[in-house]
Amino acid sequence: MSFVEIEIASQPECWRRAAELAETRADALPAAGERVAIVGCGTSFYMAQAYAALREGSGQGESDAFAASEFPFGRRYDRVVALTRSGTTTEVLELLDRLRGEIRTVAVTADPDTPIMTSADEVVVLDFADEKSVVQTRFATTALTLFRAHLGLHTDAVVRDAETALAEPLPEGLVDCTQFTFLGRGWTVGLANEAALKMKEASLSWTESYPAMEYRHGPISIASDTTATWMFGTAPEGLSEQLLSTGARWVESGLDPLADLVRAQRLAVARATARGLDPDSPRNLTRSVVLTDA
C-alpha cells in the first residue's frame, strides 16, 4: 500500500483522538462570540473555509477564511487560527510574524519540531495525524474534526460513517470518468474544493468545484455521459434530476459529508493507480511550500 492509502485508512482513529483533544485544548481554540479569521494554504485553506462556515453557521461568532497570502490586514479580529500541516509554510509563518503582538494567534499543526511552535501565541499539535505523503488527507480531516468537536458538532456517528466510507466499494465505473465536478453547500463547499484538489494532485484529473446552486449557472454545460458530479451533503431540489438528464453520473451518499470526503480521497488514489501514477509522488509538488529569496 502507498503511504497515502495507509493514512486514509487511519482516519477514524485519528478523528476519535481529535475529539478527545478538543476537550483538553478548548482554551487554545476560539471562544464563542469572538470574531475569528482562519487561514491556510492549499488543503488547509479549504478546511479553513469549512470551519469558518460551521462556526458562523452555528452562531458562535463572525468567522472568515483566507488563503494566508490574502489576509486583509485592515480588518480587526479577536483571534487568527492558522492551519499548517508542516509548520514550515512560508506564507503562514510570514503572516503570523506580522500579527505578533497585534492579534492573538493559534496554530494547528502536525509537526512540533518546526518554526510554527514559536510563531503563534498558542499551538495545538496533531502529531498523531502527521503524514509521510505529499498529498494531504488525514491531517486535514483530523483538524476539521478538532474544530467540529470544539463547536459541539462532532458525534461518534461521524466516525462510524468514516468506517463505512472505507469499507464500501466505490461506485462502479466512476474511475473511468473523464471529468469530475464536486459540489457543496455551506460548510461543505470547502469539502468540495478539497475533493477537487485531491483529484488533481493524486491523479492529474480534470476537476472543478462549486457551491451547488451555482452549478446550473454555466458549469452544467460540460456534463455528459463521460463526466461525474459529486454532491457533499443534501443537494438543492431538482439538481440531481437535471444532471442525470444530461447522461452524466450523479454521486451522493447519506454519510456525514466529512466521511464522504474519505470516499473522494479513495477515488483519487484509485484513479491514480488506474492511470499508472504514484499517488505518493505527485507531479510538481512538495510536502510544504517553502519560499526563498530570489
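Up top you'll find the structure we're talking about.
Quick notes on the rules
Residues numbered from 1 in each chain as written. Predicted model: local features only at pLDDT ≥ 70, side-chain atom pairs only at ≥ 80, totals over all residues. Heavy atoms only, no water. Helix = DSSP H or I, 4+ residues; strand = E, 2+ residues; numbered from the N terminus. Rg over C-alpha atoms; globule rule 2.2 N^0.38 Å. Buried < 20%, exposed > 50% of the residue type's maximum accessible area, 1.4 Å probe, protein only. Contact = heavy atoms within 4.5 Å. Areas by Shrake-Rupley, 256 points an atom, 1.4 Å probe, with all protein chains shown as cover. Lys, Arg positive; Asp, Glu negative; His and termini not counted. Charge placed at Lys NZ, Arg CZ, Asp CG, Glu CD. Pairing = 2+ DSSP bridges. Axes fitted to C-alpha atoms, helices over the stretch in contact; angles between N-to-C directions. Right-handed = clockwise from strand over helix to strand, strands pointing away. Phe/Tyr/Trp six-rings, centres within 6.5 Å; stacked < 30°, edge-to-face > 60°. Polar contact = N/O pair within 3.5 Å; in protein donor to acceptor, adjacent residues only side chain to side chain.

1. Some details on the overall build of the protein chain
Stage number 1. Helices and strands together make up the secondary structure of the protein chain, namely 10 helices and nine strands.
Stage number 2. Its C-alpha radius of gyration of 19 Å places the protein chain within 12% of the 19 Å reference for a compact globule of 294 residues.
Stage number 3. Expressed as a percentage of the 294 residues in the protein chain, the buried residues total 56%.
Stage number 4. A fraction of 72% describes how many contacts in the protein chain between residues 6 or more apart in sequence connect residues 24 or more apart.
Stage number 5. Surface summary for the protein chain: the accessible area is close to 12400 Å², and the carbon and sulfur share equals 48%.
Stage number 6. The centroid of the 27 positive side-chain charges in the protein chain is displaced by 1 Å from the centroid of its 42 negative side-chain charges.

2. Quick word on the sheet that holds strand β9 (residues 249-251)
Stage number 1. If you walk across this open sheet you meet the four strands as β7-β6-β8-β9, and the pairing is parallel. In this open sheet, the two strands that pair with only one neighbour each are β7 (206-211) and β9. Mean inter-strand twist for the sheet, computed between neighbouring axes without regard to direction, equals 20°.
Stage number 2. Of the pairings in the sheet, the one linking strand β6 (residues 179-184) to strand β8 (residues 227-231) comprises five bridges and is parallel in character. Residue pairing across strands places Phe-180 opposite Ala-228, the latter belonging to β8.
Stage number 3. Strands in contact with helix α8 (residues 188-203) are β6 and β7; relative to β6, the strand with the most contacts, it is inclined by about 160°.
Stage number 4. Helix α10 (residues 257-274) rests against β6, β8 and β9 of the sheet, and its axis sits at about 155° to β8.

3. A closer look at the pairing of strand β3 (residues 79-84)
Where a strand is regular, its side chains alternate between the two sheet faces.
Stage number 1. Counting buried positions along β3 gives six out of six residues, so the element sits mostly inside the fold.
Stage number 2. Covered by surrounding structure in β3 are Arg-79, Val-81 and Leu-83 together with Val-80, Ala-82 and Thr-84, the residues of both alternating faces.
Stage number 3. The pairing of β3 with strand β4 (residues 104-109) spans six bridges and is parallel. If you follow Val-80 over to β4, its bridge partner there is Thr-105.
Stage number 4. The parallel pair β3 and β4, bridged by helix α4 (residues 90-99), forms a crossover whose chirality is right-handed.

4. Side note on the packing of aromatic side chains
Stage number 1. Overall, the coordinates contain nine aromatic pairs when judged by the stated rule.
Stage number 2. Both rings, one in Phe-45 and one in Tyr-46, keep their centres 5.6 Å apart while their planes meet at 35°; by these two values the pair is tilted.
Stage number 3. An angle of 5° between the planes, with centres 3.9 Å apart, marks the rings of Tyr-51 and Phe-147 as stacked. Of the two residues, Tyr-51 is situated in helix α3 (residues 43-57) and Phe-147 in helix α6 (residues 138-150); the sequence distance between them amounts to 96 residues. In this structure, Tyr-51 and Phe-147 share a single accessibility class: buried.
Stage number 4. Taken together through their ring pairs, the aromatic side chains of Phe-66, Phe-71, Phe-73 and Tyr-77 make up a single cluster.

5. Structural notes on the environment of Thr-164
Stage number 1. If you trace the backbone, Thr-164 turns up in helix α7 (residues 156-167).
Stage number 2. Remark: the alpha-carbon pair of Thr-164 and Asp-260, spanning 96 residues in sequence, is separated by 9.4 Å.

6. Describing the environment of Ser-203
Stage number 1. Note on placement: Ser-203 falls in helix α8.
Stage number 2. Sequence spacing of Ser-203 and Ala-165 is 38 residues, and the spatial spacing of their C-alpha atoms is 20 Å.
Stage number 3. Aside from chain neighbours lying at most four places away, what touches Ser-203 is Lys-198, Ala-268, Arg-271, Ala-272, Arg-275 and Leu-277.
Stage number 4. A distance of 2.7 Å separates the side chain of Ser-203 from the backbone oxygen of Met-199, its partner in a polar contact.

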